[in-house]
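Inside the fold
So you can see what is in the structure, the chains are spelled out below.
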Amino acid sequence: MTPPQRPGIVHLVGAGPGDPGLLTRRGADVLARAEVVVFDHLANERLLDLAPPAALRVRAGKSVGHCLLTQDQINATLAEHALAGRTVVRLKGGDPLVFGRGGEEADYLRERGVPFEIVPGVTAGVGATAYAGIPVTSRGVASAVAFVTGHQAPGLGACGSPARIDWPALARFPGTLVFYMGVTHLADIARALIDGGKPAATPAAVVESGTTPSQRVVDGDLASIAERAREARVRPPALLVVGEVATHRERLAWSESRPLFGRRIVVTRPREEAARSAAALEAMGAEVLIAPTVEILPVEDFAPLDAAIDRLGGYDWLVFTSTNGVRMFLDRLLARGRDLRALGRAKLAAIGSTTAEALGRYHIRADLIPPSFRSESLAEELARVGAGSRILLARADRGRTILQDELRRVAEVDQVAVYRNADVASIPAEVSGRIEAGTVDWITLSSPAIAVRLHALLAPEARSRVGRDVKLATISPVTTAAANGLGWDVAVEAAVHTWDGLVEALAAHVAGARASR
Ligand code: SAH
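Remember, it's a predicted structure, so these values are computed and weren't measured experimentally.

Calculation criteria
Residues numbered from 1 in each chain as written. Predicted model: local features only at pLDDT ≥ 70, side-chain atom pairs only at ≥ 80, totals over all residues. Heavy atoms only, no water. Near = heavy atom within 4 Å. Polar contact = N/O pair within 3.5 Å; in protein donor to acceptor, adjacent residues only side chain to side chain. Areas by Shrake-Rupley, 256 points an atom, 1.4 Å probe, with all protein chains shown as cover. Helix = DSSP H or I, 4+ residues; strand = E, 2+ residues; numbered from the N terminus. Domains from an automatic or database assignment. Buried < 20%, exposed > 50% of the residue type's maximum accessible area, 1.4 Å probe, protein only. Patch = residues over 30% accessible without salt bridge, like charges linked within 9 Å, V, L, I, M, F, W, Y side chains within 5 Å. Salt bridge = Lys/Arg side-chain N within 4 Å of Asp/Glu carboxyl O. Core = buried A, V, L, I, M, F, W, Y, C linked by side-chain atoms within 4.5 Å. Contact = heavy atoms within 4.5 Å. pLDDT = per-residue confidence, 0-100. Pairing = 2+ DSSP bridges. Axes fitted to C-alpha atoms, helices over the stretch in contact; angles between N-to-C directions. Phe/Tyr/Trp six-rings, centres within 6.5 Å; stacked < 30°, edge-to-face > 60°. Lys NZ or Arg CZ within 6 Å of the ring centre and 35° of its normal.

Some details on the site of the ligand
Around the ligand, a shell composed of 18 residues is seen, among which Asp95, Val98, Thr123, Met181 and Ala238 lie nearest. At 2.8 Å, a backbone N or O of Gly210 approaches a nitrogen atom of the ligand. Considered on its own, the ligand offers 550 Å² of accessible surface; in the complex 94% of this is hidden by protein. Broken down by secondary-structure element, the contributors of at least two residues to the shell around the ligand are helix H4 (124-131) and strand S12 (238-242). If you count residues domain by domain, the shell around the ligand takes at least three from each of domain 1 (9-121) and domain 2 (126-257).

Here it is, written out as structure tokens:
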């Protein structure tokens, strides 16, 4: 007899309106355990990174007007995987139950005995409006809000449900009206409301791709909004907001005024660092494209590293030049059954504040951080305080040798490769394509190796755009020199040679360019 199968489950998860940061923690938890993810085109694809690499990803591709996978096929896919015992996440834009057919999917699953969970999400009517600076209710201005489908605009039938809207009743609704799926019928909607008695001068706004870096908002009133949206070529997904609250944008439009709002920025750092690095840019409103050019790998032969760890007691200084070095060295030390006491009396040097923070995560403090976060400055400081001592450099298998060269003059120096810095074979086609098309604004470079590798990976047409219409921002003078050596001009160089320093320099440059326009 075959043992009874462990029952699967379907989690119907709201992905939020676009900004990946708006996913709930529960949503992230279930995604992290998913074996199958069935996702809508409205759900931000970046969220798929939260699922295990081995999870099956199924693009439902369902959106208004594009019924690519029919609802029946989606339902059947969900049930089939769950009945086979798998953990399934059905990732839907916004909230699964607000114009999302999540209720129908749940019904279908219930009828077949498939367990399900519903994880709410931030619906566009609340999320996109908030990012546009429009409070959907406001004391004394709007005491109610109605979410309405614009799908069934007056006189239209569509590939959806049969419900009809009572337009005269909506026109009399005492509060804010938020229309979903209405962009293509804006003129009909506005006309129906005016015909129903709503004043033509009622403020209105259309929010396109709200909460994303391409968010756009068109303002007007009921009489003008359709024409203005048409002129601005507004595309789905977009919401129509009707009511006094639309004017609050004049004061509250916070997201569009963030320092890097709408800037399209390529991050070329290794994948381990890219997500954290992207977050700093995204918080300032940028669209980030991740294209690692090098990857961080464990060393192939651990013997030299293990020997260095066992000899630690004999060193006066242990020197780290990257966060990866800290992580790989200390994780190996712990994995060998040792603990921090293995560091003995050795003092610790970190090349900069970020590397020192990495040490801090292991509850140890750097004894030395040079004033300028680069090899030259670290060599100078160490030569001063560490002359005549025994120094161990924990570093990548390749990179600049300046530290060792400088220190060997005054001290006894060993170095050990703690991790490998390997070249990736290619960068994502989308990113190279957009560099070539000039539809990104910036590329960030955080080391000479990354600059050289990016140059090698780009096709000549893309390469020739870099430094011109696609600007470069670098972390330090050596990286700038490497880019210059490849024939690329650099527009921004970080004054503080850390990722945060780079982001700050970039934001300051963009603000300066805006102000002088
Ligand atoms: N379940 C989703 C709505 C799906 S219907 C939710 O709760 O948000 C799709 C409609 O949602 C689109 O036609 C558009 O009107 C609206 N929408 C979704 N994402 C949006 C966004 N980022 N900006 C503006 N409108 C959005």
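Describing unusual backbone geometry
Cis rather than trans, the peptide bond between Pro236 and Pro237 has omega equal to 0°. Relative to the helices and strands, Pro237 resides in the loop between helix H7 (225-231) and S12. Here Met181, not a glycine, exhibits a phi torsion of approximately 55°, which is positive. Take Met181: it is sitting in the loop between strand S9 (176-180) and helix H6 (186-195). Positioned with a positive phi, Thr211 is a non-glycine residue whose angle comes to about 75°. Here Thr211 lies in the loop between strand S10 (203-208) and strand S11 (216-221). Residue classification places Thr211 among the buried positions, given a relative accessible area of 4%.

Regarding a nonpolar patch on the surface
On the surface, Phe99, Val126, Val145 and Phe147 cluster together into a nonpolar patch covering about 290 Å² of accessible area. You can see Val126 is positioned in helix H4.

Section: the nonpolar core
In terms of nonpolar packing, the biggest core is built from 29 residues, with Leu318, Phe329 and Leu359 touching the most fellow members. Among the secondary structure elements, those contributing two or more residues to this core are helix H10 (303-310), strand S16 (317-320), helix H11 (323-335), strand S17 (347-350), helix H12 (353-360), strand S18 (390-396) and strand S19 (412-423). Setting aside residues no more than four positions away along its own chain, Phe329 makes contact with Leu305, Ile309, Leu312, Leu318, Phe320, Leu392, Ala394 and Val418. Core analysis: the second largest hydrophobic core is formed by 24 residues, Leu170, Ala226, Ala238 and Leu240 among them.

Description of the confidence of the model for the protein chain
Per-residue confidence for the protein chain averages 92 on the pLDDT scale, and 96% of its residues sit at or above 70. Here residues 157-162 is a poorly scored stretch, pLDDT under 50, and it has seven contacts once near neighbours within four places are set aside; other chains count.

So, the pairing of strand S1 (residues 9-14)
For S1, a buried count of five out of six residues is recorded, marking the element as mostly surrounded by other parts of the structure. Pairing of S1 with strand S6 (residues 87-92), which is carried by six bridges, proceeds in the parallel orientation. In the strand pairing of S6, Gly14 is matched with Lys92. Both S1 and strand S7 (residues 116-119) contribute to a ladder of four bridges, which runs parallel. Paired with Val13 across the bridge in S7 is Val119.

Regarding the sheet that holds strand S22 (residues 492-493)
Read from one edge to the other, the open sheet built from five strands follows the order S14-S13-S20-S21-S22, with strand pairing classed as parallel. The open sheet has two edge strands with one neighbour each: strand S14 (287-290) and S22. Bridging between strand S13 (residues 264-267) and strand S20 (residues 442-445) involves three bridges; their strand directions are parallel. Among the inter-strand pairings, Ile265 is bridged to a residue of S20, identified as Trp442. Each of S13, S14 and S20 touches helix H15 (residues 429-437); the most contacted strand, S14, lies at about 120° to it.

Overview of the sheet that holds S9
Spatial ordering of the open sheet is given by S8-S9-S12-S10-S11, a layout of five strands whose pairing is mixed. Looking at which strands have only one partner, the edges of the open sheet turn out to be strand S8 (145-149) and S11. Looking at each pair of strands side by side, their axes are set apart by 20° on average, direction ignored. With five bridges joining them, S10 and S12 adopt antiparallel strand pairing. Each residue of the ladder has a partner; that of Val206, found in S12, is Leu240. H4 rests against S8, S9, S10 and S12 of the sheet, and its axis sits at about 80° to S12.

Things to note about the pairing of S20
The alternating pattern of S20 places Trp442 and Thr444 and Ile443 and Leu445 on opposite faces, both of which are buried. The pairing of S20 with strand S21 (residues 471-474) spans four bridges and is parallel. In the strand pairing of S21, Leu445 is matched with Thr474.

With respect to the packing of aromatic side chains
For any pair of aromatic rings, the description consists of the separation of the ring centres together with the inter-plane angle of the planes. Under the criterion given, the structure shown has five aromatic pairs. On the numbers, 5.5 Å between centres and 75° between planes, the contact of Phe320 with Phe329 is edge-to-face. On the accessibility criterion, Phe320 (1% relative accessible area) is buried. On the basis of relative accessible area, Phe329 is assigned to the buried category, the value being 0%. When the ring centre of Phe302 is taken as reference, the NZ or CZ atom of Arg332 above it lies at 3.9 Å.

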